[in-house]
Amino acid sequence: MNNQSDSLVQSLDRGLQLLLVFEDQGPDLSLGQLSQALDLPKSTVHRLIATLCARGFMEQVKSTGNYRLGLRLHGLGARTVVARTLTSEAEPFLRSLLEKHGETVSISVLDEDETVIIDKMESELAMRVTSQIGKRNPVHCSGSGKVLLAFAHPDTREKIISRIALTRHTDKTITCREALRGHLEEIRKRGYAVDDEEIQEDQICLSAPVWNHEASACAAITISGPAGRIRAKGLEAIAASIADAARELSGKLGAPISGREKKEG
């Protein structure tokens, strides 16, 4: 039976070991120091370094020729902290919404051109929307995607709109860029987004933005359920509950009051 080491990809494992050397041996190190720490030939370590530098995980210090960790690692670390803070702070709000409306609740963040669910609580009703942590949704037709796109910085929003494929999922999916721009303007005025059977027939999702301490929309809280039941409960009533929860969570994250208003990025 194979042990854990048998399943490791050697080159990837060496690259990760190379990054971990910086935990103990200083902010910047020479090729020789890295070679010695890993007990690998300089030629091998140099190839690892070149790959990591190309991806932004390492960089060369021009003044000394030594190497140090790249800023991309800082970005990944910051995202991890943000995600963990969001999930821990969001849990009571998600639970409250689930108890109040009985429908599946989730919280998502924007990642490039998609949103990613980082936490969720599912309805206990027989007919319900199910989801998975880590699931990705397109920004042009999901509630979370549309609300985060609507409240993104205008430059970021336009870049995303210009490059994404407006794939049709149902007859209600927006597939025109100009129509999407107009729809996002309506979301900014209203303060929440509705996926009205735009990804999947007979499914409605409502989302409101969560603001961080920098007054940026950093996440979206979403309630999802069967279209008929959501309509019967009242879209506006559910949206108001989500917006209230998102506003309170924003306060927990240190968002200034002005950052919780509907604004143009």
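Let me begin by describing the structure that accompanies this report. Everything numeric in this text was worked out from a predicted model, so none of it was measured.

**Some thoughts on the sheet that holds strand β2 (residues 58–60)**
In space, the 3 strands of this open sheet follow the order β1-β3-β2, with antiparallel pairing throughout. Across the chains shown, the open sheet's two edge strands, defined by having one partner strand only, are β1 (28–29) and β2. Here 2 bridges tie β1 to strand β3 (residues 67–69), and the two strands are oriented antiparallel to one another. Bridge assignment links L29 to a residue of β3, and that residue is Y67. Along the sheet, helix α3 (residues 42–54) contacts β2 and β3; its crossing angle with β2, the most-contacted strand, is approximately 105 degrees.

**Notes on the pattern of salt bridges**
With the rule as written, the count across this model stands at 18 salt bridges. Residue E103 pairs with K233 through a salt bridge whose shortest N-O separation is 2.7 Å. Taken together, the residues span a long stretch of sequence, with E103 in the loop between α4 (71–101) and β4 (104–111) and K233 in helix α8 (residues 227–233) at a distance of 130 residues. In this structure, D111 engages R136 in a salt bridge whose closest nitrogen and oxygen atoms are separated by 2.7 Å.

What counts, and where the lines are drawn
- Residues numbered from 1 in each chain as written.
- Predicted model: local features only at pLDDT ≥ 70, side-chain atom pairs only at ≥ 80, totals over all residues.
- Heavy atoms only, no water.
- Pairing = 2+ DSSP bridges.
- Helix = DSSP H or I, 4+ residues; strand = E, 2+ residues; numbered from the N terminus.
- Contact = heavy atoms within 4.5 Å.
- Axes fitted to C-alpha atoms, helices over the stretch in contact; angles between N-to-C directions.
- Salt bridge = Lys/Arg side-chain N within 4 Å of Asp/Glu carboxyl O.

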